[in-house]
Amino acid sequence: MIGLFVAFEGGDGAGKSTQVDLLADRLGQEGYAPILTRQPGGTALGRALRDLVLHGDHMSARAEALIFAADKAQHVEELIRPALLAGEIVITDRYTDSSVAYQGAGRDLGAQEVHDLQMWAVHDLVPDVTVIIDITAEEGRRRRGEVHDRLESEEDTFHEAVREHFHALAAAAPERYLVVDGTTDPIEIGAQIWERIEPLLPARPEQDPLL
Ligand code: TYD
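This write-up is about the structure you can find in this document. Just so you know, these numbers come straight off a predicted model, no measurement behind them.

Enumeration over the complete set of coordinates arrives at 1 cavity of 30 Å³ or more. The computed volume of the largest cavity comes to approximately 120 Å³. Residue lining of the largest cavity: 17 residues in total, with Gly10, Gly11, Ile135, His159 and Arg163 positioned closest to the centre. The element contributing the most residues to the lining of the largest cavity is helix α7 (residues 156-172), with 5 residues. A per-class count over the lining of the largest cavity returns 7 nonpolar, 6 polar and 4 charged.

Following this line, the structure appears as structure tokens:
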């Protein structure tokens, strides 16, 4: 892969979208045109699956895990892999770690099993960097307010299990993760993220000696 693949993860209400936008703005100022996407929902099929999995009636935990996996399979094949092969910077709001944490740890399906399912779905495509924005379950609930999708409406114990699993994933491979405190100033968080991403950036088009 010749592009750069960055994933944002974290609990509901952590402020991922704000940080995705800040990073995209900064990249734009530096002459890059990143591709922003999200899971579930980055493709036409993904948007239909998103609706089913977030707003449908009760479904079994395994059905839920398979729908999230299907969304990712489509997303990687249709959008992410071709973009990376073309040298693009791809930023995704959630990726496979969300499923490992929410379905594996939160739903209790087993982190290893869900990890294996996810890796099969995405052909083992792993981000260059995953940024985890960390907040407590309580703070997340406070920020989300009254509107809840199926996952958000789970108890705080579920969201604490998700949070702990994100920490465990980062601790197991620190070279591929950046964990930031989601309760600090968004601009400060953005600066920490930029510090981590900047050295990894591919050459800008005008800097490419072959052009
Ligand atoms: P998201 O779109 O990030 O929600 P929001 O816009 O409210 O931040 O994610 C939707 C929900 O889906 C979120 O609660 C996390 C959950 N989710 C999983 O449980 N497994 C997954 O694989 C993904 C990608 C998301």
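The discussion continues.
A large share of strand β4 (residues 129-134) lies buried, amounting to 6 of its 6 residues. Burial of β4 is two-sided: the residues Val129, Val131 and Ile133 facing one way and the residues Thr130, Ile132 and Asp134 facing the other way are all buried. One ladder, built from 5 bridges, connects strand β1 (residues 4-10) with β4; its direction is parallel. Looking at the pairing, Glu9 lines up with Ile132 of β4. Looking at chain direction, β4 and strand β5 (residues 177-181) are connected through 5 bridges and run parallel. By the bridge assignment, Val131 is partnered in β5 with Leu178.

How each quantity is defined
- Residues numbered from 1 in each chain as written.
- Predicted model: local features only at pLDDT ≥ 70, side-chain atom pairs only at ≥ 80, totals over all residues.
- Heavy atoms only, no water.
- 1 Å grid on protein atoms, 1.4 Å probe; cavity = no way out; pocket = protein on both sides within 12 Å on 5 of 7 lines; lining within 4 Å.
- Points joined across faces, edges and corners; volume = space filled by probe spheres on them.
- Helix = DSSP H or I, 4+ residues; strand = E, 2+ residues; numbered from the N terminus.
- Nonpolar A, V, L, I, M, F, W, Y, C, P; charged D, E, K, R; others polar.
- Buried < 20%, exposed > 50% of the residue type's maximum accessible area, 1.4 Å probe, protein only.
- Pairing = 2+ DSSP bridges.

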